[in-house]
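Per-entry structural report
Chain by chain, the residues:
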Number of protein chains: 2
Amino acid sequence: MSDTRKHVEVCYTPGEYNYFQPGYEIVVVIDVLRATSAICAAFDNGIRSIIPVPTVEEAMEYKKKGYLAGAERKGQIVEGFDFGNSPFSYMREDFKNQEVVLSTTNGTKALDIAKDAEMVVVGSFLNLDALCRFLAEQDKNVLCLCSGWQDKFNLEDTICAGAISDYLLATGNFTSEEDSSVAAKYLYLSAKDNYFGYLKSSSHRRRLKNLNLNEDVKYCLTPNQTDVIPILKDGKLVKL
Amino acid sequence: MSDTRKHVEVCYTPGEYNYFQPGYEIVVVIDVLRATSAICAAFDNGIRSIIPVPTVEEAMEYKKKGYLAGAERKGQIVEGFDFGNSPFSYMREDFKNQEVVLSTTNGTKALDIAKDAEMVVVGSFLNLDALCRFLAEQDKNVLCLCSGWQDKFNLEDTICAGAISDYLLATGNFTSEEDSSVAAKYLYLSAKDNYFGYLKSSSHRRRLKNLNLNEDVKYCLTPNQTDVIPILKDGKLVKL
């Protein structure tokens with residue numbers, strides 16, 4: 001009897017994406033600190049669409065054309081832009097129903113790399129349960145693509161991917177084969193009772209703390225604050 | 001007061017090596033299942049030197065010239081060669097004091113990528129404590145380079161790297177900053193009481209079990225069977 005279960009696997013960095021594809025119809029792009037958390041917060045706040053762009057130059061081109069455009073590099077807002085990837089920067093009345101352009105260090109790069117997949121959705125702790133319920137209902141292979149930090153592994157994205165894997169595996173309709181997925185699940189199980197404490201040793205959490213962004217970190221590590229599932233359609237993120 | 005501690009960090013795959021270097025004088029190449037375990041076993045058995053080559057073609061060239069040459073791909077001995085990377089294949093009387101050429105799927109590729117570092121040594125569970133004692137005595141930054149599995153993360157190399165990190169961090173003279181190192185240590189601490197059980201879910205352990213190589217796996221996961229530290233000198237591995 002052949003195994004009809006779907007795969008849920010975890011890719012740690014955008015650079016490894018091509019070692020996994022093809023084979024996964026759904027890609028979940030994860031950048032917990034902070035791009036995909038900010039994107040979820042933005043849609044929860046009523047933003048109409050987000051155009052993710054990989055480079056600062058592209059974001060600036062849009063800004064010159066009159067778009068609301070944000071850019072972040074190495075944790076900070078890029079000079080010449082009004083906002084970056086803090087979730088709080090999207091909680092503005094004047095952003096409701098607007099289209100926004102965004103470029104970030106890691107998250108928008110991962111979205112760009114995954115853009116040709118059949119379906120690309122945005123994952124974070126903020127929309128964890130809603131996203132997992134949605135993924136469980138599809139009859140598709142799922143690849144969790146961690147954005148990492150400057151092409152390297154990061155802990156918070158991996159733990160979020162491990163949480164998604166754990167949920168889908170528990171349905172009995174999914175299986176994992178890659179060691180990266182096994183390790184992500186192990187790390188999630190160790191972390192799940194206290195994300196904030198567990199991630200004290202995360203390099204990016206330290207980096208953001210040094211930038212006085214501890215409130216951002218706390219917000220991004222608080223699960224299930226929204227049911228929105230941002231999805232990529234024709235180069236733009238919209239609400240599913 | 002500046003931090004004078006040295007770094008011990010973990011790189012999960014050869015493909016990420018350049019994101020870490022420069023900065024690490026010592027690179028520990030790890031391919032637990034089975035290349036670096038086999039290399040340790042070979043030196044423990046009295047082999048004089050091993051020439052690691054990245055491709056099967058290069059190994060064949062040496063064989064034609066009369067060298068003892070082995071090659072392994074995807075867990076199996078390559079056709080035309082007499083041995084691959086089983087540690088047991090090096091426990092032969094006629095290998096004592098000989099020079100051997102070896103090409104394997106992942107391990108010799110990692111050695112090739114690291115070859116320009118100031119010092120390249122070979123790590124495995126077999127020589128774990130001896131290697132850690134040696135590394136602790138040097139006043140150098142250490143990068144543990146996991147060979148992975150076909151450019152992807154693997155669990156057994158990561159756990160071995162986590163064991164090395166844990167030892168060096170406990171001396172108080174080392175620090176880790178990368179998330180990959182933090183996660184490797186977490187995974188090691190979960191695995192250390194039962195490597196064999198913990199690695200039941202490792203994809204390569206399953207692969208080798210299917211090839212009836214369970215005895216190899218057990219051997220490779222048994223720590224501290226030898227004090228040898230293989231080191232790369234002018235393109236050849238020799239005993240330190």
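Now for a look at the structure at hand. (Residues numbered from 1 in each chain as written. Chains lettered and ligands numbered in written order. Predicted model: local features only at pLDDT ≥ 70, side-chain atom pairs only at ≥ 80, totals over all residues. Heavy atoms only, no water.)

1. Looking at the overall build of chain A
Along chain A, the regular secondary structure elements total 10 helices and 11 strands. For chain A, whose C-alpha radius of gyration is 17 Å, the value lies close to the compact-globule estimate of 18 Å for 240 residues. Taken along the three principal axes of its C-alpha coordinates, chain A extends 60 × 40 × 30 Å. Of all 240 residues assigned to chain A, the portion counted as buried reaches 59%. Contacts in chain A between residues far apart in sequence, at least 24 positions, make up 77% of those at least 6 positions apart. Both charge centroids of chain A, one from 27 positive and one from 33 negative side chains, sit 5 Å from each other. (Helix = DSSP H or I, 4+ residues; strand = E, 2+ residues; numbered from the N terminus. Rg over C-alpha atoms; globule rule 2.2 N^0.38 Å. Buried < 20%, exposed > 50% of the residue type's maximum accessible area, 1.4 Å probe, protein only. Contact = heavy atoms within 4.5 Å. Lys, Arg positive; Asp, Glu negative; His and termini not counted. Charge placed at Lys NZ, Arg CZ, Asp CG, Glu CD.)

2. Considering the pairing of strand 6 (residues 99-103) of chain A
The two faces of a sheet get side chains in turn, since along a regular strand they alternate between them. Residue and element names in this part refer to chain A. Among the 5 residues that make up strand 6, 5 are buried, leaving the element largely enclosed by the rest of the structure. Neither face of strand 6 is left uncovered, since the one carrying Glu99, Val101 and Ser103 and the one carrying Val100 and Leu102 both have all their residues buried. Pairing between strand 3 (residues 49-52) and strand 6: 4 bridges, direction parallel. Bridging from a neighbouring strand, Ile50 pairs with Val100 of strand 6. In the sheet, strand 4 (residues 68-73) pairs with strand 6 via 4 bridges, with the strands oriented parallel. Pairing of Leu68 across the sheet is with Val100, part of strand 6. (Pairing = 2+ DSSP bridges.)

3. Observations regarding the packing of aromatic side chains
Considering all chains together, one arrives at 19 aromatic pairs over all chains under this definition. On the basis of an interplanar angle of 85° and a centroid distance of 4.8 Å, the ring pair of Tyr12(B) and Phe153(B) is categorised as edge-to-face. Here Phe153(B) lies in the loop between strand 8 (142-146) and helix 6 (155-170) and Tyr12(B) lies in the loop between strand 1 (6-11) and helix 1 (17-20), a separation of 141 residues in the sequence. Phe153(B) gets classed as buried once you look at its relative accessible area, which sits at 5%. Arranged with centres 5.5 Å apart and planes meeting at 80°, the rings of Phe83(B) and Tyr90(B) form a pair that is edge-to-face. Like Phe83(B), the residue Tyr90(B) is buried in the burial classification. Taking NZ or CZ as reference, Lys63(A) lies 5.9 Å from the ring centre of Phe81(A), over its face. (Phe/Tyr/Trp six-rings, centres within 6.5 Å; stacked < 30°, edge-to-face > 60°. Lys NZ or Arg CZ within 6 Å of the ring centre and 35° of its normal.)

4. Re unusual backbone geometry
All names here are of chain B. Here the bond from Gln21 into Pro22 is cis, since omega is 0°, no more than 30 degrees from zero. In this fold, Pro22 is placed in the loop between helix 1 and strand 2 (26-30). The backbone of Asp234 shows a phi angle near 50°, a positive value even though the residue is not glycine. Within the secondary structure, Asp234 is located in the loop between strand 10 (230-233) and strand 11 (236-239). What makes Asp234 exposed here is its relative accessible area of 82%.

5. Section: the layout of surface pockets
Counted as a void, the largest pocket has a volume near 240 Å³. Residue lining of the largest pocket: 14 residues in total, with Glu177(A), Glu178(A), Trp149(B), Ser203(B) and Arg207(B) positioned closest to the centre. Of all the elements in the fold, those that place two or more residues in the lining of the largest pocket are strand 1 (6-11) of chain A together with helix 9 (203-210) of chain B. Ranked by residues supplied to the lining of the largest pocket, first place goes to helix 9 of chain B with 4 residues. Per-class residue counts for the lining of the largest pocket are 3 nonpolar, 4 polar and 7 charged. (1 Å grid on protein atoms, 1.4 Å probe; cavity = no way out; pocket = protein on both sides within 12 Å on 5 of 7 lines; lining within 4 Å. Points joined across faces, edges and corners; volume = space filled by probe spheres on them. Nonpolar A, V, L, I, M, F, W, Y, C, P; charged D, E, K, R; others polar.)

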